[in-house]
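Each chain is listed here by its residues.
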There are 2 protein chains.
Amino acid sequence: MGRWEPNARGRLAEAALALYAEQGFERTTVIEIAEAAGLTERTFFRHFTDKREVLFYGTETAMDMLTRAIAEAPASASPMDAVGAALESFGAFFQEDPERVRRRDAVVSSSTELRERELVKLDALTSAMVGALRERGTPAPTAGLAAEAGIAAFKVAYAHWIAAEPDTTDSAAERKLPGLVRTALTDMQKLLADRAAG
Amino acid sequence: MGRWEPNARGRLAEAALALYAEQGFERTTVIEIAEAAGLTERTFFRHFTDKREVLFYGTETAMDMLTRAIAEAPASASPMDAVGAALESFGAFFQEDPERVRRRDAVVSSSTELRERELVKLDALTSAMVGALRERGTPAPTAGLAAEAGIAAFKVAYAHWIAAEPDTTDSAAERKLPGLVRTALTDMQKLLADRAAG
DNA sequence: ACGGTGATGACAGTTCCTGACATCACGGAG
DNA sequence: CTCCGTGATGTCAGGAACTGTCATCACCGT
């Protein structure tokens, strides 16, 4: 594998995912990853700031997706409508390649450090949504609450989705991520309504 | 400062907080912390698994507090009632020493790595609350939603509280953390109710 | 053919963190 | 009072994650 093979970043990401899955995150060394991709350790760190970051490649894309979805929501949509729509389309995007998502999730779930990083990414998505909401005139406190509530519901929906689907071709609505996001939001609303006043 | 001075752990935590605040997290070395506490680097790592963990000392106590509050909630309380009560008392605990909380928050906020760790701790608190809810018979999906929604509201309330209070003796209800938690929860409910059906 | 540009390699160095073993203070058994 | 076990600490060696610096290489336009 020569020095100037194309798509170095992609090769590194692939090699890392494979090695993490195979022998675990902690027992995989950056040198191993780099050599598996035909590169050197130093080059790995030119493409990824971190040993973990290599698994969180598309986060910027995800942020764009969410902010755009919120910006493009009709002016009549409430903040929670906009957030809900954005997260549903986000869920739909996940479903496009469930196999890859599963593979990646298995690796991330197996390591505390990786779950740590995933939470930061979710927090970044929250901030991005807050920004997009403020852009369309939502006041700051409302934007914060809407974004946090939305991400919270998404977490639950995603956990359900991952835990359920084995790899069957079953396409019941309950197994589709956008639908799970929607029901999580309504269930959350019901739970919050179910409180003793004052 | 001799080898057998008491409370090594506390001294390390104090020294770390002071140094992080003074010169930043990344530019502080573990050796510096250890020497400031009259100990060695190796001993630091016997007391804390991490350079970051030293700032998240009381997390187990916090988990106990939350799980106990949920367990002790009256049987008639809804899941969201129990979570809300637990988080309000949690907020009250924070308020006991606002100065220290502020100091610590300034340090944590200044470093990505530390915010990362804080998010993990919040996630651990979420899991603890889920466990406590399940203990009292709440079904798993409901428990997950209630805990996530509660933590989401708490995050927003906490951010408000930190951003507002300068150090004034002002004790308006809006500046008290338990009250902010409560209003965050009701505001979140309103936002979620404000959605197009579907 | 030639020089500029960007990606990569090579290497040294710092810091985080761990394992293994020695050492010290204390508290109880005799 | 002495001796010895126990737990906390010190010392040392070392792996692995990252960073800075400079040389080297492939490509691209002139």
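Residues numbered from 1 in each chain as written. Chains lettered and ligands numbered in written order. Predicted model: local features only at pLDDT ≥ 70, side-chain atom pairs only at ≥ 80, totals over all residues. Heavy atoms only, no water.

Asker: How should the relation of the copies chain B and chain A be read in this particular structure?
Answerer: For the pair of chain copies, the relating transformation is a rotation about an axis with a translation along it. With an RMSD of 0.0 Å, the operation that places chain B on chain A is a rotation of 180 degrees combined with a shift of 0.0 Å along the axis. Given the turn and translation reported, the copies of this chain are related as if by a two-fold rotation axis. Most of the interface of chain B is mirrored in chain A, where 100% of its interface residues are also at the interface. (Least-squares fit on C-alpha atoms with pLDDT ≥ 70 in both. Contact = heavy atoms within 4.5 Å.)

Asker: Got a minute to help me understand the UniProt feature "DNA-binding region" (unreviewed entry) in chain A in this structure?
Answerer: Feature annotation in UniProt places "DNA-binding region" (unreviewed entry) on residues 29-48 of chain A, given in this structure's numbering. Taken end to end, residues 29-48 of chain A comprises 70% helix and 0% strand; its first and last C-alpha atoms sit 14 Å apart. (UniProt positions renumbered as here; feature names shortened; annotations may be inferred. Helix = DSSP H or I, 4+ residues; strand = E, 2+ residues; numbered from the N terminus.)

Asker: Looking at this structure, I do not really get empty space enclosed by the protein. What am I missing?
Answerer: Over the atoms, a rolling probe the size of a water molecule traces out where space has been left empty. Under the counting rule described, the total for this entry stands at one cavity of 30 Å³ or more. Approximately 150 Å³ is the volume found for the largest cavity. Lining the largest cavity are 16 residues; nearest its centre among them are A:Glu148, A:Lys155, B:Leu119, B:Glu148 and B:Lys155. (1 Å grid on protein atoms, 1.4 Å probe; cavity = no way out; pocket = protein on both sides within 12 Å on 5 of 7 lines; lining within 4 Å. Points joined across faces, edges and corners; volume = space filled by probe spheres on them.)

Asker: Which parts of the structure should I look at to understand the nonpolar core?
Answerer: What tends to happen in soluble globular proteins is that the nonpolar side chains get buried as a cluster. In this structure, A:Leu87, A:Met188, B:Leu87 and B:Met188 are the most contacted members of the largest nonpolar core, which totals 82 residues. Once residues within four sequence positions are removed from consideration, A:Met188 is found in contact with A:Ala149, A:Ala152, A:Ala153, B:Leu145, B:Ala149 and B:Leu192. (Core = buried A, V, L, I, M, F, W, Y, C linked by side-chain atoms within 4.5 Å. Buried < 20%, exposed > 50% of the residue type's maximum accessible area, 1.4 Å probe, protein only.)

Asker: Any chance you could explain the interface of chain B and chain A here in plain terms?
Answerer: How big an interface is tends to be stated in terms of accessible area lost as the parts join. Contacts between chain B and chain A engage 35 residues on the former and 35 residues on the latter. Across the chain B/chain A interface, buried area totals approximately 3,300 Å², and carbon plus sulfur atoms make up 65% of it. At the boundary of chain B and chain A, one finds eight salt bridges. Linking B:Glu116 and A:Arg117 is a salt bridge whose minimum nitrogen-to-oxygen distance equals 2.8 Å. (Buried area = accessible area lost by both parts, 1.4 Å probe. Salt bridge = Lys/Arg side-chain N within 4 Å of Asp/Glu carboxyl O.)

Asker: What is the right way to look at the UniProt feature "domain: HTH tetR-type" (unreviewed entry) in chain A in this model?
Answerer: In the numbering adopted here, UniProt assigns the feature "domain: HTH tetR-type" (unreviewed entry) to residues 6-66 of chain A. Helix makes up 62% of residues 6-66 of chain A and strand 0%, with an end-to-end C-alpha separation of 30 Å.

Asker: Please explain the domain arrangement of chain A as it appears in this structure.
Answerer: Residue and element names in this part refer to chain A. The assigned domain composition of chain A is domain 1 (8-53) and domain 2 (58-193). Computed from C-alpha coordinates alone, the two centres of domain 1 and domain 2 are separated by 28 Å. Opposite the nine residues of domain 1 that make contact, domain 2 presents ten residues. A salt bridge links Lys121 to Glu53, with the shortest nitrogen-to-oxygen separation between them at 2.7 Å. Scanning the region where domain 1 abuts domain 2 turns up five residue pairs in polar contact (both at pLDDT 80 or more). Class assignment of the residues belonging to the side of domain 1 that touches domain 2 gives a composition of four nonpolar, no polar and five charged. (Domains from an automatic or database assignment. Polar contact = N/O pair within 3.5 Å; in protein donor to acceptor, adjacent residues only side chain to side chain. Nonpolar A, V, L, I, M, F, W, Y, C, P; charged D, E, K, R; others polar.)

Asker: I would appreciate a short explanation of the pattern of salt bridges in the present structure.
Answerer: A side chain with one charge may pair with a side chain of the opposite charge, provided their charged atoms come close. The final tally for this structure, using the stated rule, is 24 salt bridges over all chains. A:Arg117 is paired through a salt bridge with A:Asp50; the nearest N and O atoms lie 2.7 Å apart. In this pair, A:Arg117 is assigned in helix H7 (residues 112-135) and A:Asp50 in the loop between helix H3 (41-47) and helix H4 (59-71), connecting sequence segments 67 residues apart. Using a relative accessible area of 10% as the deciding quantity, one classes A:Arg117 as buried. B:Arg52 is the salt-bridge partner of B:Asp50, the closest N and O atoms lying 3.9 Å from each other. Take B:Arg52: its relative accessible area is 9%, and that puts it in the buried class. Connected through salt bridges with shared partners, the residues A:Asp50, A:Arg52, A:Glu53, A:Glu113, A:Arg117, A:Lys121 and B:Glu116 form a single ionic network.

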